[in-house]
Amino acid sequence: QLQIGSDCGHVSRNLLVDLREHVYVPKVISKAGRSECRAEDMTVSLVEVSPAMQIVAEHPLPGYLGKSAPHRSQGITAYAYRQDQSIIFSTMNGDLYHLIAHGHQPALILQLGNMLPQVKSQVTNLVSLDGKSLLGAAVMLRGKQQKGLHWLVHDTSTIETTTIPIELPANLQQFRALLLYGSGIRDDQGHVYVGGRIQHQSGQIRPLLFRLSFVR
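Cut-offs applied
- Residues numbered from 1 in each chain as written.
- Predicted model: local features only at pLDDT ≥ 70, side-chain atom pairs only at ≥ 80, totals over all residues.
- Heavy atoms only, no water.
- Salt bridge = Lys/Arg side-chain N within 4 Å of Asp/Glu carboxyl O.
- Buried < 20%, exposed > 50% of the residue type's maximum accessible area, 1.4 Å probe, protein only.
- Pairing = 2+ DSSP bridges.
- Helix = DSSP H or I, 4+ residues; strand = E, 2+ residues; numbered from the N terminus.
- Phe/Tyr/Trp six-rings, centres within 6.5 Å; stacked < 30°, edge-to-face > 60°.
- Disulfide = S-S within 2.5 Å.
- pLDDT = per-residue confidence, 0-100.
- Polar contact = N/O pair within 3.5 Å; in protein donor to acceptor, adjacent residues only side chain to side chain.

Chemist: Go over the pattern of salt bridges, please, and point to the residues and values.
Modeler: If the charged atoms of two oppositely charged side chains come close together, the side chains can form a pair. All chains considered together, the criterion is met by seven salt bridges. A salt bridge links Arg34 to Asp41, with the shortest nitrogen-to-oxygen separation between them at 2.7 Å. Given the relative accessible area of 40%, Arg34 is considered partly exposed. Ionic pairing is found between Asp41 and Arg38, a salt bridge with its closest N-O pair at 2.8 Å. Among the residues examined, Arg38 registers a relative accessible area of 41% and is labelled partly exposed.

Right, dumping it as structure tokens:
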């Protein structure tokens, strides 16, 4: 076993593995002399571990916690593999990072900006639409102008996001809460699958699986 470090009860929803079988684990530790569990009191990095259980590198992750306390942050909430075998991953506040593996060298991790429009929401799923610059995510928007379930298409080359409303079937339109998660799930016809759960007004919770089809 290898101890990485997770102060204040932080747990990431996902860990990452590249095609070299290097594992990437968020390390969240308190800054020297700080005792409060606040985002500004923490130092965050992504620890790269080899298959031999050796630490290859620690990559700084600015913005990883956002404004959330460590125990409230969900860490890496979504990821998608690209055609070039690199990985795009997201935090719940929509910040995107690009993980590029380099043979026997430590990976390179780049910040790609934020994929969310200026509304209150979370990114909990992600899929690569073209294997290159286009990303998609099913997101519940909670802004004044845009509300409800939307499909987000984000272009990492231009840092622009397009939002498309998703019309729910009649039997799903009345709900108390909708939680979606899951990443990178597509079939040979290009359909995207996003799993999660829905809570009806009665309080009953049921599993849910969306299949999203795109019309060209």
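Now that the structure has been shown, the text picks up again.
Chemist: Describe the sheet that holds strand 3 (residues 42-49), and please don't skip the residues or the numbers.
Modeler: Strand order in the open sheet made by the four strands is 1-2-3-4, with antiparallel pairing throughout. Only two strands of the sheet have a single partner each, and these edge strands are strand 1 (16-17) and strand 4 (55-60). As judged from the five bridges shared by strand 3 and strand 4, these two strands associate in the antiparallel manner. In the sheet register, Ser45 faces strand 4, and the bridge partner there is Pro60.

Chemist: Which residues make up the packing of aromatic side chains, and what values go with them?
Modeler: Think of a pair of aromatic rings as described by two things: how far the centres are apart, and how the planes are tilted against each other in angle. This model, assessed by the stated rule, comprises two aromatic pairs. Pairing Tyr79 with Tyr81 gives two aromatic rings, centres 6.1 Å apart and planes at 90°, and the pair type is edge-to-face. Ring centres of Phe89 and Tyr97 lie 5.1 Å apart, and the angle between their planes is 15°; this geometry places the pair in the stacked category. One exposure class covers both Phe89 and Tyr97, and it is buried.

Chemist: How would you summarise the pairing of strand 6 (residues 87-91) if you had to cite specific residues and measurements?
Modeler: The buried count for strand 6 comes to five of five residues, which makes it a mostly enclosed element. Because side chains alternate across strand 6, one face comprises the buried residues Ile87, Phe89 and Thr91, and the other comprises Ile88 and Ser90, equally buried. Connecting the antiparallel pair strand 5 (residues 76-81) and strand 6 is a turn made up of five residues, with Gln85 showing a positive phi of about 75°. Relative to strand 7 (residues 95-102), strand 6 runs antiparallel, the two sharing four bridges. Along strand 7, the bridge assignment pairs Ile87 with Leu99. Between the antiparallel neighbours strand 6 and strand 7 lie three residues, among them Gly94 with a positive phi of about 95°.

Chemist: Hey, could you go over the state of the cysteines for me, with residue numbers and the actual values?
Modeler: In the structure shown here, the tally under the stated rule is one disulfide. Two residues, Cys8 and Cys37, share a disulfide whose sulfurs are 2.0 Å apart. Taking the torsion about the S-S bond as the criterion, the Cys8 to Cys37 disulfide, at about -80°, is left-handed. A residue pair is termed long-range when its members are at least 10 positions apart, and Cys8 in the segment before strand 1 and Cys37 in the loop between strand 2 (23-30) and strand 3 qualify at 29 residues.

Chemist: I'd like to hear about the confidence of the model for the chain, residue by residue, with values.
Modeler: Per-residue pLDDT for the chain averages 90, and the proportion of residues at 70 or more is 99%. Predicted confidence in the chain is weakest over strand 13 (residues 175-183), with a mean pLDDT of 84, and strongest over strand 1, with 97.

Chemist: Go over the environment of Asp84, please, and point to the residues and values.
Modeler: Position of Asp84 among the secondary structure elements: in the loop between strand 5 and strand 6. Each C-alpha atom, one on Asp84 and one on Gly131, is 7.8 Å from the other, the two residues being 47 residues apart in sequence. Of the polar contacts made by the side chain of Asp84, one reaches the side chain of Arg82; its length is 2.9 Å.

Chemist: Can you explain the environment of Gln173? Please cite residues and give values.
Modeler: With respect to the helices and strands, Gln173 occurs in the loop between strand 12 (160-165) and strand 13. A relative accessible area of 43% places Gln173 in the partly exposed class. Gln173 sits 20 residues away from Tyr193 along the chain, and the two C-alpha atoms are 19 Å apart.

Chemist: Residue-level account of unusual backbone geometry, with values.
Modeler: Even without being a glycine, Glu21 presents a positive backbone phi close to 70°. With respect to the helices, strands and loops of the structure, Glu21 is situated in the loop between strand 1 and strand 2. You can call Glu21 exposed: its relative accessible area is 53%. Of note, the phi angle at Met53 is positive, near 65°, even though the residue is not glycine. Note that Met53 resides in the loop between strand 3 and strand 4.

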